[in-house]
Amino acid sequence: MSSRVSDRNQHRSRRAEEGRLAWVRDPKLLGLCAASTALVVAFGLVQVTFGSYSMSVPAAWSAVFDPAVLLDARYLLNYFLGDGLMRTITGFQGEELPQLATETLIVWSIRLPRVFVAAFVGMNLAVSGAIFQAVTRNELASPFILGVSSGAGLMILLSLVVFSSLTALLPIVAAVGGTVAFLIVYAIAWKNGTSPVRLVLAGVIVGTVFSSLQTAMFFFAEDIGVVQTAISWTTGSLTGVGWEQVRTILPWTFLSMFLAVLSARQLNVLLLGEQTARALGVSVEKVRFALSGVAVLAAAASIAVAGIVSFVGLIVPHLVRTVVGSDYKKLVIGCLFAGPALMVAADVGARLGMMVITGANSGQLPVGIVTGLIGGPYFLYLMRRKQNLGEI
């Protein structure tokens, strides 16, 4: 009798567990992830194929999957962790690694890291925007709209122009700037609570002020090289990124994405409203600021390597929401895949757009311009579609 009861309890427990994980098998979510992955692969292949050194698509594909790299842990560790850690882990004592084929060297050393950086930046911005939209219960919220991007960008410019010794800590510096900006926005919007419109207006105010301060920083930079670097930060650019930027953004991406996935339940609770969340035993203010910290960290990591890339955090959560719904268990996972797809595609447009327009193989647009051209009209569409923005 006891064994029969035990079997019945185990069966119920198994069914309950399967019910909790049913969202993982959602056909719409799986289709979105598959389509996004296919877009990343397709546009990534375009990215590694075209450039000043031309190669055919089969040659580029062969270079990406060259066994000389994929089957040699020394190369992979060298790229993703750096030469020092590679030598420590593998015990390699030689001066240089074996020589690679020209195509493989160009693809792996120059072109492929740009694809990785674009994918990580898109992932961070998309998830950051999704979190901010839940925290503020505002469909128009994003790191760019709420002034977080401007605050992080201002701190990075201060590091480049004034405190050059802090350049090795750009993600942390950007996170501090983004956090300060968001706290200022929240303080301005607070009036016995906040409202969606007040948060957006406060974000516009803070973003405008911080953007003006960013422009003012140019007058304090005496080195023209620093000015050019600062301009690339303010417009959002992936020009010249390499494995150093991959190693910079990688640990912060893993940390923030891991925390975002774990926080899906809390994000769903916040969407129910403050009274319902408190009735469920949630400390709303603590959860809100903790989740905001995750969103700021994700946005700051992307800004530290690519500058201020606008509208990705606004567009992607909405696109994913139209496919999988508002459940943040599915929404966060969808953003993890859709964000890289949009960013890699936009970077291909930024890099090859000038080539198509001018017919010359020189010059490229900052990726922030491309995302802005896409996101501006989409933001207007969202504002026109939304029926009730609430009382100011």
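All figures in this text were calculated on a predicted structure; none of them were measured in a lab.

1. Comments concerning the overall build of the chain
Check the secondary structure of the chain and you find 18 helices and 0 strands. Looking at the chain as a whole, 48% of its 392 residues are labelled buried. Considering only contacts within the chain whose residues lie at least 6 apart along the sequence, 75% involve residues at least 24 apart. Of the roughly 19000 Å² of accessible surface on the chain, 65% is carried by carbon and sulfur atoms.

2. Side note on the packing of aromatic side chains
Under the criterion given, the structure shown has 11 aromatic pairs. Measuring from centroid to centroid gives 4.9 Å for Y79 and W243, while their planes differ by 20°, and the two rings are stacked. With Y79 in helix α5 (residues 73-81) and W243 in helix α12 (residues 243-262), this pair connects stretches of sequence that are 164 residues apart. For the residue pair Y79 and W243, the accessibility class agrees, reading buried in each case. Seen in terms of ring centroids, F80 and F116 are 5.5 Å apart; in terms of plane orientation they differ by 75°. Their pairing is edge-to-face. Residue F80 is located in helix α5, and its partner F116 is located in helix α7 (residues 102-135); the two are separated by 36 residues in the primary sequence.

3. Overview of a nonpolar patch on the surface
Together, L169, I172, V176, V180, I184, I188, I205, V209 and L213 give the surface a local cluster of nonpolar side chains, amounting to about 710 Å² of exposed area. At the level of elements, α9 (170-189) and α10 (196-217) are the ones that each hand at least two residues to the nonpolar patch. In terms of residue count, α9 provides more of the nonpolar patch than any other element does, 5 residues in total. Looking at the secondary structure, you find L169 in the loop between α8 (148-161) and α9.

4. Notes on unusual backbone geometry
Unusually for a residue other than glycine, F311 sits at a positive phi of about 75°. By the secondary structure assignment, F311 is in the loop between α15 (284-306) and α16 (312-324). For F311, a relative accessible area of 13% gives the class buried.

5. Re the environment of L112
Its place among the elements puts L112 in helix α7. Taking relative accessible area as the criterion, L112 reaches 9% and is therefore assigned buried. Taking the C-alpha atoms as reference points, L112 and G242, 130 residues apart in sequence, are found 8.3 Å from one another. Beyond its immediate sequence surroundings of up to four residues, L112 is in contact with V48 and V107.

6. A word on α7
The terminal C-alpha atoms of α7 lie 49 Å apart, and with 34 residues this matches the ideal 50 Å at 1.5 Å per residue to within 8%. In α7, a bend of some 40° at R111 exceeds every other bend along the element, and P113, a proline, comes one to four places later. Among the residues trailing α7, R137 stands out with phi positive, at a value near 50°.

7. A word on the side chain of S302
Within the secondary structure, S302 sits in helix α15. Leaving out residues up to four positions away in the same chain, S302 has contacts with V121, N124, L125, I249 and G307.

8. Re α5
All buried positions along α5 are accounted for by Y75, L77, N78 and Y79. The secondary structure elements touched by the buried residues of α5 are α4 (67-70), α6 (83-90), α7 and α12. Directly after α5, the chain includes G82, whose backbone phi takes a positive value near 105°.

9. A short note on the pattern of salt bridges
Taken as a whole and judged by the stated rule, the model has 4 salt bridges. R74 is the salt-bridge partner of D72, the closest N and O atoms lying 2.9 Å from each other. A relative accessible area of 16% places D72 in the buried class.

10. Examining the packing of helix α13 (residues 264-271) against α15
Pairs of packed helices are described in terms of their axes, by the angle between the two and the distance that separates them. Direction vectors running N to C along α13 and α15 enclose 125°, while the axes themselves pass 11 Å from each other. With respect to their mutual orientation, α13 and α15 come out oblique. Viewed along their axes, α13 and α15 form a crossing whose handedness is left-handed. Residues Q266, L267 and L270 of α13 lie in contact with α15, whose contacting residues are V284, V287 and L291. Residue classes in the contact of α13 with α15 are distributed as 5 nonpolar, 1 polar and no charged.

Thresholds applied
- Residues numbered from 1 in each chain as written.
- Predicted model: local features only at pLDDT ≥ 70, side-chain atom pairs only at ≥ 80, totals over all residues.
- Heavy atoms only, no water.
- Helix = DSSP H or I, 4+ residues; strand = E, 2+ residues; numbered from the N terminus.
- Buried < 20%, exposed > 50% of the residue type's maximum accessible area, 1.4 Å probe, protein only.
- Contact = heavy atoms within 4.5 Å.
- Areas by Shrake-Rupley, 256 points an atom, 1.4 Å probe, with all protein chains shown as cover.
- Phe/Tyr/Trp six-rings, centres within 6.5 Å; stacked < 30°, edge-to-face > 60°.
- Patch = residues over 30% accessible without salt bridge, like charges linked within 9 Å, V, L, I, M, F, W, Y side chains within 5 Å.
- Salt bridge = Lys/Arg side-chain N within 4 Å of Asp/Glu carboxyl O.
- Expected span 1.5 Å × (residues − 1).
- Bend = angle between axes of the 7 residues up to and from the residue.
- Axes fitted to C-alpha atoms, helices over the stretch in contact; angles between N-to-C directions.
- Parallel < 35°, antiparallel > 145°, perpendicular 65-115°, else oblique.
- Left-handed = near helix turned anticlockwise from the far one by under 90°.
- Nonpolar A, V, L, I, M, F, W, Y, C, P; charged D, E, K, R; others polar.

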